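Spelled out, the chains give:
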Amino acid sequence: MIPKIILGKGPDATRRTIGYLFGKGRANEHTDPHLVASWNDFAPDPGRSPHRDPKTVEAQLAAQLDQPVKMLGDKAPKYTVWHCPVRAAPEDPILTDVQWADIARRIVAAAGIAPAGDEEACRWVAVRHADDHIHIAATLVRQDGRRPQRDYDQRAVQREARQIEVDYGLRRLKPGDGTAAKRPTSKEHFKAKRLGQDATSREVLRLRVRRAVAAAADEAEFFTLLEATGVSARLKRGPSGDALGCNFALPGDTNDKGEPVFYSGSALAPDLSLPQIRRRLATTIPETATVRPGNPWHQATAATERIPHHLAHSSDEVAQGQLAALGAAFDLLPLTAPATVRPELERATVAFERATRSRIAPDDASACALRRSVQAIWKDSARHGDGAGLAMLLDVALTAVAYAMHWHRTRQHAQQQAAAEQTLIHLQAACTQITGPVLAGLASRAPSPQTKRRYAHHLQQAVHEHAERILDDPAWDALATVLAEAEAAGHNPAAILNRALSQRTLDDAHSPARALTWRIRRLGERHAPGPRAQAANAHFVEGHPAASRPQQPQARRR
């Protein structure tokens, strides 16, 4: 059940609100509008007065609601109308008028509009014009001339809505922490539907601005990328001339006057205000001393593979920074993916957006490696290759998102936990689509049975507790192939296997064979050690066959 509070102002605010509630709606969606409850239980009902002109009854109802406001004259508050639609979920049962009346009374009491038993409270009505929702309209002057005590009314009605869901057996929504992106309004939904668009302008802008932030190395590039995607940006400047905020608009999205419809960054999402964007960009400006050559897919995979360690052992601020960087990676990855995988990745991106924010301030500097490597992938389309890079990155991202779900659960971030759970569904589907062909291609080049038996022996010695599961895994042939390729490149197979095992435990891997395949492929593409180092590695492996199996996740060198 979703209540949403809207405030109205102006001399005709009450009349306009009542006219809308008892009218046909913007798309003729209102059916049988009528009162289900009111402040005195006998207010005039335009929907149940068959022998009177409905417009006359609407005017009478608005006048009665407005009476306490008019008594104050020029001392009336700026905002005089409190409007709260309350909507049930599509799968909820259809409630009766009596049930909706009870819900309306509980909502106005929770908000401080009309506390139970207060005969001098504000005047209000509840109008039903559809099966699944009601609208509560109230005037913001009590009948004794005072203002209602409605401090934090949005939070209060949300808490009451959660209890109503329990009491009526309705779908139970997750409690929020005030960091969710603002939902599109019904007006925005109707506009998108009228124009034949799948998403509202607010949703499209949110994704485009997020992608520009994820891809940009500095503020100048951020605005250049926005322009390239058709987004208009307008800076808000203070008296000193300094930019204080930024508004965004889509081409062709205009109001009834033909003017562009601008949304402030914070109206798109709390982390898209100009100060928040600048804070994040400040941590992604390239520093020559820290930029290292190499395959960005490998670097991004290595950075993502370290996220579970940070979530388990680092500070909350570092962990939150890692999740924000992972969300930025998801923003850009669909642009690098094959067309067949892109829809699932897009859905994963939209779902995980909610899991990237909480009340914990992120340490963005802790996740520079992931941000820069994903930017390098996005900027160099020639590196997309056969999909192996994306496959290995998505495989480790599955574990990272599973850890994110647990991290949010332990901190009682209910909405973020649910978002991570939804992300896992889409990410698993995308991972299956992309890894299947890649692993099949590797398996088609599997070495001889004799070589595979030798590698199996190394596995039994190095990771006995996982060996049987790995050897039974469909990805075993692909693992044998990358071991053979690494050996052909000059690596000692036992040594490189132990190095792969030392990077991180396999206990939480979805597929240990797949995890080892990606790790050994990354290690195998590095320069092979010289003969003296080869001999030292072989001597160490013979004397310490199980020394490389860590019990806890640990950071690793690249």
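Residues numbered from 1 in each chain as written. Predicted model: local features only at pLDDT ≥ 70, side-chain atom pairs only at ≥ 80, totals over all residues. Heavy atoms only, no water.

(A) Geometry of the packing of helix H3 (residues 97-111) against helix H4 (residues 153-168). In contact at an axis separation of 8 Å, H3 and H4 are set at 145° when each is read in the N-to-C sense. Of the two elements, H3 crosses H4, and the hand of that crossing is right-handed. Facing Gln99, Asp102, Ile103, Arg106, Ile107, Ala110 and Ala111 of H3, the residues of H4 in contact are Asp153, Ala156, Val157, Glu160, Gln163, Ile164, Asp167 and Tyr168. For the contact of H3 with H4, the residue count by class is eight nonpolar, two polar and five charged. (Axes fitted to C-alpha atoms, helices over the stretch in contact; angles between N-to-C directions. Helix = DSSP H or I, 4+ residues; strand = E, 2+ residues; numbered from the N terminus. Left-handed = near helix turned anticlockwise from the far one by under 90°. Contact = heavy atoms within 4.5 Å. Nonpolar A, V, L, I, M, F, W, Y, C, P; charged D, E, K, R; others polar.)

(B) How the structure looks around the pairing of strand E5 (residues 124-128). Among the five residues that make up E5, five are buried, leaving the element largely enclosed by the rest of the structure. Of the two faces of E5, the one carrying Trp124, Ala126 and Arg128 and the one carrying Val125 and Val127 are both buried. In terms of strand pairing, strand E3 (residues 34-38) meets E5 through four bridges, oriented antiparallel. Counterpart to Ser38 in the pairing with E5 is Val125. The sheet contact formed by E5 and strand E6 (residues 133-139) spans five bridges and is antiparallel. Its bridge partner being in E6, Trp124 is matched across the sheet by Ala138. Linking E5 back to E6 in an antiparallel pair, the connection comprises four residues. (Buried < 20%, exposed > 50% of the residue type's maximum accessible area, 1.4 Å probe, protein only. Pairing = 2+ DSSP bridges.)

(C) Looking closely at the sheet that holds strand E7 (residues 232-237). The strand order across the open sheet built from three strands is E7-E8-E9, with neighbouring strands paired in antiparallel fashion. In the strand order of this sheet, the two ends are held by E7 and strand E9 (263-264), each with one partner. Two elements, strand E8 (residues 243-249) and E9, share two bridges in a ladder whose sense is antiparallel. The residue bridging Phe248 from the neighbouring strand is Tyr263, located in E9. Where helix H9 (residues 274-282) meets the sheet, its contacts fall on E7 and E8, and the angle it forms with E8 comes to roughly 100°.

(D) Summary view of the environment of Gly294. You can see Gly294 is positioned in the loop between H9 and helix H10 (296-305). For the pair Gly294 and Ala111, spaced 183 residues apart in sequence, the C-alpha separation works out to 57 Å.

(E) Structural view of empty space enclosed by the protein. In total, this model carries five cavities of 30 Å³ or more according to the counting rule given. Computed from the structure, the largest cavity encloses a volume of approximately 130 Å³. Taken together, 14 residues make up the lining of the largest cavity; nearest its centre are Glu305, Val396, Thr399, Ala509 and Ala515. Broken down by secondary-structure element, the contributors of at least two residues to the lining of the largest cavity are helix H15 (388-410) and helix H21 (512-524). Tallied by class, the residues present in the lining of the largest cavity amount to five nonpolar, four polar and five charged. (1 Å grid on protein atoms, 1.4 Å probe; cavity = no way out; pocket = protein on both sides within 12 Å on 5 of 7 lines; lining within 4 Å. Points joined across faces, edges and corners; volume = space filled by probe spheres on them.)

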